[in-house]
Amino acid sequence: MNAEATTVRTTCPYCGVGCGVLATRQPYGSVTVKGDPEHPANFGRLCSKGSALAETLSLDDRLLYPEINGTRASWDDALDLVAARFSAAIAEHGPDSVAFYVSGQILTEDYYVANKLMKGFIGSANIDTNSRLCMASSVAGHRRAFGSDTVPGTYEDLEQADLVVLTGSNLAWCHPVLFQRLEAAKAANPALRIVTIDPRRTATCALADLHLGLAPDTDVALFNGLLSYVSENGYLDEAYISRHTSGFGEALGAAGACDISRIADETGLSRQDIARFYDLAARTEKMVTVYSQGVNQSVVGTDKVNAILNVHLATGRIGRAGMGPFSVTGQPNAMGGREVGGLANMLAAHMALENPDHRSLVQSFWQSPVIAERAGLKAVEMFRAVREGKIKALWIMATNPVDSLPDADGVAEALKLCPFVVVSDVTCAADTLEFAHVALPGAAWGEKDGTVTNSERRISRQRRFLDLPGEARPDWWALSEVARRMGHREAFAYDGPAGIFREHAELSAAGNNGTRDFDIGAMADIDEEAFEELAPFQWPARSGEALGESRFFARGGFYTSDRKARFVAVTPIAPRKRERKYPLVLNTGRIRDQWHTMTRTGKTARLTSHIAEPFAEIHPEDALALGISDASLVEVRSPYGAVTVRAQISGRGRKGTVFVPMHWTDQFASRGRVDAVVAPATDPHSGQPGSKFTPVSLKAFPAHWYGFAVLDQKPHLRGIDYWAIAPVSGGHRLEFAGVEAADFMDLAVRLAGGTLAGAEITSFQDEASGTCRMAFWQDGTLRTAFFFAREPVEVSRAWACGLLGLEAETPASRLRVLAGRPAADMPDNGALVCACYQIGANQILTAARGGACTTTAIGEVLKAGTNCGSCRSEIRSLIETVLNEEKRDDGIAKAG
Ligand SMILES: Nc1nc2c(c(=O)[nH]1)N[C@H]1C(S)=C(S)[C@@H](COP(=O)(O)OP(=O)(O)OC[C@H]3O[C@@H](n4cnc5c(=O)[nH]c(N)nc54)[C@H](O)[C@@H]3O)O[C@H]1N2
Ligand SMILES: Nc1nc2c(c(=O)[nH]1)N[C@H]1C(S)=C(S)[C@@H](COP(=O)(O)OP(=O)(O)OC[C@H]3O[C@@H](n4cnc5c(=O)[nH]c(N)nc54)[C@H](O)[C@@H]3O)O[C@H]1N2
Ligand code: SF4
Ligand SMILES: [Mo]
């Protein structure tokens with residue numbers, strides 16, 4: 001064991017901001033992380049998820065050995081079997097009978113090898129990725145307009161802009177460090193205006209000067225209107241349009257006249273708000289439009305993208321400082337995946353599968369026996385083909401499709417029917433592993449080496465600072481081993497990521513000569529040492545040119561045949577007809593402290609304490625009409641499936657819409673997989689699912705009783721009608737409920753699974769109100785506490801989650817636990833807001849009422865918001881609540 005602390009520069013494995021991290025391995029193995037002050041994405045900042053990285057490295061739940069049919073196997077046997085089954089399927093049914101489904105969370109080197117094997121050596125393009133659910137509409141929109149999948153701008157543009165429009169992006173929670181940079185830019189430049197466009201009023205809106213809560217999927221009408229507005233009011237850049245673009249007339253024609261009343265009808269916005277937005281946008285040259293899943297994840301996602309790009313092209317606001325459309329990527333390596341051609345309709349190094357010259361270039365570069373000639377199956381189609389028996393062997397890597405693809409129960413059924421499924425993952429607690437014939441243990445963050453590309457085209461190293469546990473191996477290695485066993489020994493004779501990266505860089509420059517945007521030829525001869533030392537850099541990095549900040553298209557130079565951009569004529573879709581049975585629209589997305597299917601962020605109480613249970617955000621009027629009360633349980637149902645989640649009644653969303661987070665899986669809740677409800681409808685151009693729009697019904701879950709518990713052991717949950725579990729310090733917290741009367745003592749003992757034998761019990765029961773509370777003690781310390789009630793249990797969760805291990809000897813002190821809230825002499829901190837310093841809402845409200853009425857002042861009093869800063873928009877909302885109280889009190893005082 002190393003007796004000295006060693007620090008390694010690496011990159012955060014979560015979102016596409018791509019923050020630099022300094023990971024320090026302390027003597028005897030423990031790890032601490034902090035932001036890398038030198039990394040140009042974050043300059044030292046980290047968000048709540050990044051700050052908690054060290055707490056998610058434990059080996060509990062790690063997949064450490066290969067398994068065949070659930071039994072430990074050697075790597076040799078597992079790899080032989082994978083190669084044999086893929087080869088047999090190809091021999092019998094052709095190359096299109098096999099498929100890879102990979103992920104924006106593998107490294108560029110893993111991705112490159114997977115794509116090369118499928119497209120060049122198996123000879124099919126059946127490799128698709130979870131980026132299909134994420135970035136495909138942006139890719140398609142970019143390619144339609146620019147001729148290439150190019151993100152023109154840089155993060156600095158957000159700081160240099162005078163107007164930042166955030167549409168379909170909850171930047172505060174999903175790209176928190178970029179949000180912090182924007183927040184700091186606004187503080188430094190009060191003239192900077194921010195507009196948010198989202199059917200929900202999210203945490204991001206706390207920074208907005210104007211919020212447009214448009215009706216779902218009406219973005220095209222709004223941006224088409226802006227195009228007409230700039231045209232009618234003299235804000236076009238005629239020189240740019242004529243020199244560098246084509247198709248403007250058609251696009252403007254499709255947009256029609258700027259009739260604000262009509263646009264108000266179409267979008268459900270007020271005329272005043274639309275007019276304010278158009279006026280501001282038209283007058284502000286330095287405008288950046290940031291967009292994310294509210295735009296991409298739609299059956300009209302590609303048209304939404306092009307409606308945005310049209311406005312930027314028409315005003316020439318692209319590729320210059322402080323200007324441009326900016327698609328922010330979700331996953332740490334969504335961009336790297338696009339660069340290697342990990343999508344079923346791309347080739348490699350941003351080359352086009354449909355272009356015969358590109359195909360022959362890649363084939364001769366790879367010296368491969370074949371090259372895929374037509375696009376393969378896109379994610380949703382791929383799993384449909386699996387279900388229809390067309391795919392005989394499938395390899396899933398670093399993604400959890402039974403939770404994250406729409407019609408997720410259908411995906412599970414498909415996997416059950418598939419003759420051969422390989423799953424590469426780092427955890428054994430992922431829902432998809434249940435369907436694996438072969439499970440392969442991947443090397444996790446901190447154990448693997450390679451590169452990732454962030455949203456602003458910046459390539460950074462992920463570096464290893466931990467030993468490989470068990471028999472975990474990097475994904476590129478497993479892929480190469482299978483390729484060799486399939487007979488492609490030389491083409492896959494890699495001995496590490498540096499060689500793969502070198503080859504990838506060389507291919508990007510091959511025959512390029514400025515005809516393709518993606519060119520990192522400057523790295524084509526990088527040696528091991530230089531790869532080890534590689535500092536973050538932005539592409540393009542052409543051979544012989546100096547590295548530097550880069551932007552595209554200020555002076556045209558698009559990657560179409562005539563080097564001109566294309567305006568795309570887009571028209572809004574008619575409002576969708578809905579069955580009476582499913583009158584509401586389900587919207588889905590993210591929460592601040594969880595990452596996707598929670599396989600890593602669900603492991604630490606620091607991150608689960610912010611929101612510990614799946615919920616549905618419901619508009620008060622809809623709740624009233626349906627007889628749903630706050631904190632009760634509801635069922636959200638579509639023709640595809642249902643979830644049961646906690647009702648959270650709030651005016652944040654629009655009437656007629658419901659929001660459910662995407663994160664909960666069978667590992668954390670009885671029925672919380674929201675993708676079981678989401679319809680598999682896709683955009684015709686990109687194949688991306690419309691995960692933000694599914695017609696659903698809502699009804700109260702018929703709970704007979706509700707329960708809440710903290711337990712020092714994982715409870716036995718079989719037969720419990722509703723449950724949601726999360727870690728707390730020293731054990732677990734459990735929300736649960738039943739539809740039939742129960743004997744609570746029996747139930748408690750059953751949940752604890754006999755581990756409470758011999759414990760002393762303090763209890764309290766009130767038959768009339770249906771309340772029952774009990775605490776189990778052993779050697780004077782609290783092991784478990786249960787709280788049952790006929791209504792949703794009213795217990796201070798923040799307080800109860802700190803109870804495990806409490807020492808209390810006297811009956812009086814033990815009875816206190818049954819009160820369900822802290823004693824009068826102890827404050828109730830309220831729901832957790834600041835994950836870093838564990839500060840609750842009540843503490844912030846009290847401080848604000850005491851005069852700390854800015855986020856800075858709250859930081860000084862409580863430290864809340866001063867570390868990662870992810871909670872600052874929530875703090876701002878709490879301060880606003882207090883200021884509104886004061887205004888109201890003032891009003892009452894004056895009226896009195
Ligand atoms: N905390 C956290 N951060 C993450 C992730 C995570 O899991 N957790 N995942 C990462 C990944 S992979 C991704 S892709 C990004 C996603 O980042 P975002 O796209 O910012 O996140 P979402 O919550 O999916 O959706 C954004 C917003 O789109 C809105 N929306 C829904 N319908 C419409 C519409 O019709 N029009 C408009 N304009 N808006 C609409 C939703 O109400 C939602 O607030 O986050 C990344 N960062
Ligand atoms: N309803 C709805 N559904 C959505 C979305 C939505 O907004 N709404 N968003 C969509 C989007 S944008 C995305 S990106 C997807 C994300 O959805 P998924 O990709 O399914 O979610 P993750 O939990 O990130 O899955 C990553 C898996 O890879 C494993 N893993 C981590 N590191 C490694 C590694 O190095 N190697 C290997 N082999 N495995 C590893 C993790 O343990 C985990 O099981 O969800 C999509 N689904
Ligand atoms: S913003 Fe947070 S999650 Fe995203 S890369 Fe930075 S630290 Fe990681
Ligand atoms: Mo994503």
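In case you missed it, the structure is sitting above this.
Since we're looking at a predicted model, the values are computed, not measured. (Residues numbered from 1 in each chain as written. Chains lettered and ligands numbered in written order. Predicted model: local features only at pLDDT ≥ 70, side-chain atom pairs only at ≥ 80, totals over all residues. Heavy atoms only, no water.)

**A look at the nonpolar core**
- In this structure, F86, F100, F277, Y278 and W395 are the most contacted members of the largest nonpolar core, which totals 117 residues.
- Two domains share this core, each providing at least three of its residues, namely domain 2 (67–133 + 335–450 + 464–518) and domain 3 (136–327).
- Among the nonpolar cores identified, the runner-up in size contains 75 residues, and C174, W664, F668 and F787 belong to it. (Core = buried A, V, L, I, M, F, W, Y, C linked by side-chain atoms within 4.5 Å. Buried < 20%, exposed > 50% of the residue type's maximum accessible area, 1.4 Å probe, protein only. Domains from an automatic or database assignment.)

**Section: the side chain of K116**
- Structurally, the position occupied by K116 is in helix α3 (residues 108–122).
- A polar contact of 2.9 Å, which involves the side chain of K116, links it to the backbone oxygen of A491.
- Those residues in contact with K116 that lie beyond four places of it in its chain are F121, W366, A491, F492, Y494 and E503. (Helix = DSSP H or I, 4+ residues; strand = E, 2+ residues; numbered from the N terminus. Polar contact = N/O pair within 3.5 Å; in protein donor to acceptor, adjacent residues only side chain to side chain. Contact = heavy atoms within 4.5 Å.)

**With respect to the state of the cysteines**
- Within the structure shown, the criterion is met by zero disulfides.
- The thiol of C836 is unpaired, and the distance to the nearest cysteine sulfur, on C868, comes to 3.7 Å.
- The buried category is assigned to C836, whose relative accessible area is 18%. (Disulfide = S-S within 2.5 Å.)

**Looking at the packing of aromatic side chains**
- The tally for this structure, following the rule as stated, stands at 34 aromatic pairs.
- With centroids separated by 4.8 Å and ring planes inclined at 50°, the aromatic side chains of F146 and F553 adopt a geometry described as tilted. Residue F146 is located in helix α4 (residues 136–146), and its partner F553 is located in the loop between β19 (537–538) and β20 (565–566); the two are separated by 407 residues in the primary sequence. Comparing F146 with F553, the two get one shared label, buried.
- Consider the rings of F744 and F788, whose centres lie 4.1 Å apart with planes at 15°: the pair is stacked. With F744 in helix α25 (residues 744–752) and F788 in strand β32 (residues 781–789), this pair connects stretches of sequence that are 44 residues apart. Neither F744 nor F788 differs from the other in exposure class; each is buried.
- Three or more aromatic residues joined by ring pairs form one cluster here, namely F146, F518, W539, F552, F553, F558 and Y559.
- In this structure, R457 packs its charged tip against the face of W539, placed 5.6 Å from the ring centre.
- Over the aromatic face of F531 sits the side chain of R461, whose NZ or CZ is 4.3 Å from the ring centroid. (Phe/Tyr/Trp six-rings, centres within 6.5 Å; stacked < 30°, edge-to-face > 60°. Lys NZ or Arg CZ within 6 Å of the ring centre and 35° of its normal.)

**Observations regarding the pairing of strand β24 (residues 642–649)**
- In terms of burial, β24 is a largely internal element, six of the eight residues being buried.
- Note that strand β22 (residues 615–618) and β24 share four bridges and pair parallel. The residue bridging E617 from the neighbouring strand is Q648, located in β24.
- Two elements, strand β23 (residues 633–637) and β24, share five bridges in a ladder whose sense is antiparallel. Considered in β24, the bridge of L633 is made with R646. (Pairing = 2+ DSSP bridges.)

**Things to note about the sheet that holds strand β26 (residues 694–700)**
- One closed barrel accounts for six strands, arranged β21-β25-β22-β24-β23-β26; its pairing is mixed. For this sheet, the mean inter-axis angle between neighbouring strands, taken without regard to orientation, is 45°. (Axes fitted to C-alpha atoms, helices over the stretch in contact; angles between N-to-C directions.)

**Regarding the site of ligand 2**
- Near ligand 2 you find 31 residues, and of these Q105, S404, D425, K448 and T597 are the closest.
- Separating an oxygen atom of ligand 2 from a side-chain N or O atom of K448 is a distance of 2.4 Å.
- In isolation ligand 2 exposes 920 Å². Once the protein is present, 99% of that is buried.
- Here the residues of the shell around ligand 2 sort into nine nonpolar, 15 polar and seven charged.
- A domain split of the shell around ligand 2 shows at least three residues from each of domain 2 (67–133 + 335–450 + 464–518) and domain 4 (584–700). (Near = heavy atom within 4 Å. Areas by Shrake-Rupley, 256 points an atom, 1.4 Å probe, with all protein chains shown as cover. Nonpolar A, V, L, I, M, F, W, Y, C, P; charged D, E, K, R; others polar.)

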